[in-house]
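Survey of secondary and tertiary structure
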Amino acid sequence: PQKQRTTDLSPVNVENTILMRSDASWKGDRNVAGLGWVIYGENGPIKFSAVEEHVSTPLMAESIAMRAALVKCKEMGVHRIRCEADSKQLIACIRNEEPVPEIYGIVSDIVALASEFETISFGWISRLENVIADGLAKQCVVVNEDVNSLT
């Protein structure tokens with residue numbers, strides 16, 4: 001039997017899915033972004049973070065964080081996912097409601113990745129609901145800044 005794929009770009013919650021929340025912190029003076037994301041599964045939250053260089057805007061940082069989180073979810077074998085971020089503009093871009101040229105390529109990657117999941121949805125959450133991913137992203141920028149100050 002062939003799997004039936006559903007790509008739901010609306011904010012509707014889907015039952016029996018993994019929840020993923022992503023965020024980014026951007027340092028414009030260095031064009032560096034800290035990326036953070038949390039995957040909430042059966043065994044509790046799993047936290048991830050990374051540093052990305054040559055990032056020109058906060059929106060680009062947010063989109064790179066979402067893409068990195070989706071790549072990790074695919075690597076982990078996730079099939080059904082609910083993606084949340086605190087960037088209204090990013091969620092609107094992914095839903096194709098508000099295209100932004102600066103992140104067109106990254107959003108194209110996100111949409112392509114989305115097509116590989118059995119079920120996926122994207123939704124906006126408040127910054128207060130995203131404190132764990134936000135903290136991971138900010139911590140990456142601070143650590144990166146500390147390491148760079150030593151060299």
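Within every chain, residues take consecutive numbers counted from 1 along the sequence as written. A pLDDT threshold of at least 70 governs which residues receive local features in this predicted model, and a stricter bar of 80 or more applies before side-chain atom pairs are shown or counted, although totals over entire chains, interfaces and linings include all residues. No hydrogens and no water enter the side-chain calculation; it runs on all heavy atoms of the structure.

- As named in an unreviewed UniProt entry, the protein is RNase H type-1 domain-containing protein, taken from Brassica campestris.

**Examining the overall build of the protein**
- Across its full length, the protein holds four helices and six strands.
- Put simply, DSSP marks the helices as runs of H or I at least four residues long and the strands as runs of E at least two long, and each gets a number from the N terminus on. In sequence order, the protein lays out its α and β elements as β-β-β-β-α-β-α-α-β-α.
- Among the 151 residues that make up the protein, the fraction classed as buried is 42%.
- Two residues form a contact once any of their heavy atoms are found within 4.5 Å. Partitioning the contacts of the protein with sequence separation of at least 6, the portion at a separation of at least 24 is 72%.
- A 1.4 Å probe and the Shrake-Rupley method give the accessible areas. Residues count as covered only by the protein chains that appear here. Summed over all atoms, the accessible surface of the protein reaches about 8,200 Å², with 52% contributed by carbon and sulfur. Think of it in three bands: residues with accessible area under 20% of the maximum for their type are buried, residues over 50% are exposed, and the middle band is partly exposed, with areas taken using a 1.4 Å probe on protein chains only.

**A short note on helix H3 (residues 104-114)**
- Along H3, the residues classified as buried are Ile106, Val107, Ile110, Leu113 and Ala114. The arc that holds the buried residues of H3, viewed along the axis, is 120°, so those residues lie on one side. As used here, the arc is the angular range of directions from the helix axis to the C-beta atoms.

**Details of the side chain of Asn130**
- By secondary structure assignment, the location of Asn130 is in the loop between strand S6 (119-124) and helix H4 (131-150).
- When its relative accessible area of 1% is taken as the criterion, Asn130 is described as buried.
- In protein, a polar contact requires one atom able to donate a hydrogen and another able to accept it; more generally it is a pair of N or O atoms within 3.5 Å, and residues adjacent in sequence count only if both atoms are side-chain atoms. Of the polar contacts made by the side chain of Asn130, one reaches the side chain of Asp86; its length is 3.5 Å.
- For Asn130, the residues in contact, after removing those within four places along its chain, are Arg21, Ser22, Asp23, Ala85, Asp86 and Ile125.

**Let's talk about the environment of Ala65**
- Tracing the backbone shows Ala65 in helix H1 (residues 58-75).
- Discounting residues that sit within four places of it in the chain, Ala65 has contacts with Ser22, Asp23, Ala24, Leu35 and Trp37.

**Some thoughts on H1**
- Compared with the 26 Å implied by 1.5 Å per residue over 18 residues, the 26 Å span of H1 between its first and last C-alpha is a close match.
- Gly77 sits one or two positions beyond H1 and adopts a positive phi of about 80°. Every helix has an expected span of 1.5 Å times one less than the residues it contains.

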